[in-house]
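Report on the structure
Letter by letter, the chains look like this.
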Amino acid sequence: MNTEQVVIQRSDSRCELCASPEHLALYAVAPYDDSKAEQCVMTCAVCREQLAEGSELDTKRWHSLNDTVWSSVAAVQVLSYRLLKRLAAEPWAQDLIDMVYLTEEVQHWADATETPDSDDGEPTLDSNGTQLFAGDTVVLIKDLDVKGTSFVAKRGTAVRGIALTNNPEHIEGRVNGTRIVIISAFVKKSN
C-alpha cells in the first residue's frame, strides 16, 4: 500500500481533525514531506484551508481538538498541539494545552515549527530581554489603561496564552475577558 492508502485506512476515510468524510487529502506535518504515513494526517479541504500559514482560525470549528490531541497517532497530536498554540488566547484552548501530555519526541516535533514568523525578523522580548513565544504566560509589570474600555489592567495580572503580532514590540492577550494589545516592554515572562 502507498502512503495515502495507509492513512485512508488508518483514518477510516475521515478527516483526522474534524471527522469530515469530504474532500480528503494528505497533509504532511512539517518539517516532513508526505513520503511516510506516520508523518501525515488525512484532512478535509476546510481544515487544510485553515492550516495554511497566516490564515485566521474559526475557533468554534476547532473544539474537536479536545479529542484529537489525545490521538494515538503522533502526527495528529503534533498538528492538534500546534493548532491549540495558535488558539492559546481562547481559555478552553489554553486549559487543554495545560493538560496535554506529549512524549519528549512528539513535543520536540510539535515545537519544531510552532512559530512560523520567528525567522522573519526581530524576536519579541519582555522587559527583562527574555524572548516571548505564542502561548506563553506573562505578568504585567505596571498598571495599564486599556484604551476603549473603562478598566485598568493592574500590575501583577497574569496574561495566559499570549499571541505574537507582526510588530515585535506588541503582544496580544486577554485581560478581564477582553482581548488587548500590550507593549511587550510592560510585561515579564512567567515561569
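Fair warning: this is a prediction, and the values are worked out from it, not measured in the lab. (Residues numbered from 1 in each chain as written. Predicted model: local features only at pLDDT ≥ 70, side-chain atom pairs only at ≥ 80, totals over all residues. Heavy atoms only, no water.)

**Details of the sheet that holds strand β9 (residues 178–183)**
Reading across from one edge, β7-β8-β9 is the order of the 3 strands in this open sheet, with antiparallel pairing throughout. The open sheet is flanked by β7 (163–164) and β9, the only strands paired with a single partner. Judged from the 6 bridges that link them, strand β8 (residues 170–175) and β9 form a sheet pairing that is antiparallel. Residue pairing for β9: valine 175 is matched across the bridge by threonine 178. (Pairing = 2+ DSSP bridges. Helix = DSSP H or I, 4+ residues; strand = E, 2+ residues; numbered from the N terminus.)

**What to know about the sheet that holds strand β6 (residues 158–159)**
A sheet is described by the order of its strands in space; here 3 strands give the open sequence β6-β3-β10, paired in antiparallel fashion. Of all the strands in the sheet, just β6 and β10 (187–189) have a single pairing partner and so form its edges. Where strand β3 (residues 138–140) and β10 come together, 3 bridges link them in antiparallel fashion. Residue pairing for β10: leucine 140 is matched across the bridge by valine 187.

**Examining the packing of aromatic side chains**
For the structure on display, the rule yields 1 aromatic pair. Consider the rings of tyrosine 32 and tryptophan 109, whose centres lie 5.2 Å apart with planes at 80 degrees: the pair is edge-to-face. Residue tyrosine 32 is located in the loop between β1 (25–28) and β2 (40–43), and its partner tryptophan 109 is located in helix α6 (residues 104–112); the two are separated by 77 residues in the primary sequence. One Lys or Arg, arginine 61, reaches over the ring of tryptophan 62 and ends 6.0 Å from the middle of that ring. (Phe/Tyr/Trp six-rings, centres within 6.5 Å; stacked < 30°, edge-to-face > 60°. Lys NZ or Arg CZ within 6 Å of the ring centre and 35° of its normal.)

**As for the pattern of salt bridges**
Following the criterion strictly, the structure yields 6 salt bridges and no others. The residue aspartate 136 makes a salt bridge to lysine 189 at a minimum N-O spacing of 3.3 Å. In this pair, aspartate 136 sits in the loop between α6 and β3 while lysine 189 sits in strand β10, placing the two residues 53 residues apart along the sequence. Under the relative-accessibility criterion, aspartate 136 is labelled buried at 13%. (Salt bridge = Lys/Arg side-chain N within 4 Å of Asp/Glu carboxyl O. Buried < 20%, exposed > 50% of the residue type's maximum accessible area, 1.4 Å probe, protein only.)

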